[in-house]
Amino acid sequence: MAKLAYRGSEYTKFKKFRFKKNDEVICIAGKEKGKKGKVLSIDKKRDRVIVEGINKRKRFMRPTQENPQGGVIEVEAAIHISNVMFYDSKKKAGVRVGFETIKGKKVRVSRPDKKEL
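Residues numbered from 1 in each chain as written. Predicted model: local features only at pLDDT ≥ 70, side-chain atom pairs only at ≥ 80, totals over all residues. Heavy atoms only, no water.

Comments concerning the pattern of salt bridges
Oppositely charged side chains can pair when the atoms bearing their charge come close. To keep things clear, this is the line we draw: Note on definitions: salt bridges are taken to be side-chain nitrogens of Lys or Arg within 4 Å of carboxyl oxygens of Asp or Glu. In this scheme, a residue with accessible area under 20% of its type's maximum is buried, one over 50% is exposed, and one in between is partly exposed, where area comes from a 1.4 Å probe on protein chains only. Here a helix means four or more residues in a row that DSSP labels H or I, a strand means two or more in a row labelled E, and each is numbered from the N terminus.
Inspection of the entire model under this criterion finds seven salt bridges. Salt-bridge contacts for Glu-32 lead to Lys-35; the nearest nitrogen and oxygen are separated by 2.8 Å. With a relative accessible area of 11%, Glu-32 lands in the buried category. For Lys-35, a relative accessible area of 41% gives the class partly exposed. The shortest N-O distance in the salt bridge between Lys-91 and Asp-113 comes to 3.4 Å. Here Asp-113 lies in the segment after β9 (105-111) and Lys-91 lies in the loop between β7 (84-88) and β8 (93-102), a separation of 22 residues in the sequence.

Overview of the packing of aromatic side chains
Under the convention used in this document: Any two of the Phe, Tyr and Trp rings considered here, Trp counted by its six-membered ring, make a pair once their centres fall within 6.5 Å; the pair's planes then place it as stacked at under 30 degrees, edge-to-face at over 60, or tilted in between. Remark: a charge is flagged as sitting over a ring if the NZ atom of Lys or the CZ atom of Arg is within 6 Å of the ring centre and within 35 degrees of the ring normal.
Inspection of the entire model under this criterion finds zero aromatic pairs. Directly above the ring of Phe-99 sits Lys-106, whose terminal nitrogen or CZ lies 4.9 Å from the centroid.

Points about a nonpolar patch on the surface
To keep it simple, the criterion reads: Exposure above 30% relative accessible area and the lack of any salt bridge qualify a residue for a patch; like charges then connect within 9 Å, and the nonpolar side chains Val, Leu, Ile, Met, Phe, Trp and Tyr within 5 Å. For the area figures, the Shrake-Rupley method with a 1.4 Å probe applies, and any residue is considered shielded solely by the protein chains shown.
Together, Met-61, Ile-73 and Val-75 line one region of the surface with nonpolar side chains, adding up to about 190 Å² of accessible area. Mapping Met-61 onto the fold places it in strand β4 (residues 56-61).

Considering the sheet that holds β9
In plain terms, the rule: Being paired, for any two strands, means DSSP has found at least two bridges between them.
Spatial ordering of the open sheet is given by β6-β3-β2-β1-β7-β8-β9, a layout of seven strands whose pairing is antiparallel. Pairing within the sheet leaves two strands with one partner each, and these edge strands are β6 (79-80) and β9. Bridge count between β7 and β8: three bridges; the pairing is antiparallel. Its bridge partner being in β8, Phe-86 is matched across the sheet by Val-95.

Brief notes about the side chain of Ser-110
What counts here: Residues count as neighbours in contact if any of their non-hydrogen atoms are within 4.5 Å of one another.
Note on placement: Ser-110 falls in strand β9. With residues up to four places along the chain from it excluded, the contact list for Ser-110 reads Val-95, Arg-96, Lys-115 and Leu-117.

Brief notes about the nonpolar core
Rule in force here: Buried Ala, Val, Leu, Ile, Met, Phe, Trp, Tyr and Cys residues that are joined via side-chain atoms within 4.5 Å together make up what is termed a nonpolar core.
With 14 residues, the main nonpolar core has Phe-19, Val-25, Val-49, Val-51, Ile-79 and Val-84 as its most contacted residues. Elements that contribute at least two residues to this core include exactly β1 (24-27), β3 (48-51), β7 and β8. Setting aside residues up to four positions removed in sequence, Val-25 forms contacts with Phe-19, Lys-35, Lys-36, Gly-37, Val-39, Val-51, Val-84, Met-85, Phe-86 and Tyr-87.

See the structure below:
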């Protein structure tokens, strides 16, 4: 039986995201709405981000040499990138992010007030 193709957006090697690792984001949809956290990693192939403290799942670990006790640990699961928004600590709100060329360099700015992030 043939494996089904991935039905999300197609993978491109240089897909662009407005988020980077260690950016502060706020969740804008779902059961975690309103919670803030730091971006731990980005999965460009599946359009998902892992955010610190958001979308926690219980993971049942069997005993190993590193963890002889085993047990239950909580880990962050991925959340779709459309469900998070860049968080501006000065405004204390989520802001949209755009790009501007300033002195020949491409920088991220908040919209619509165009302040550099």
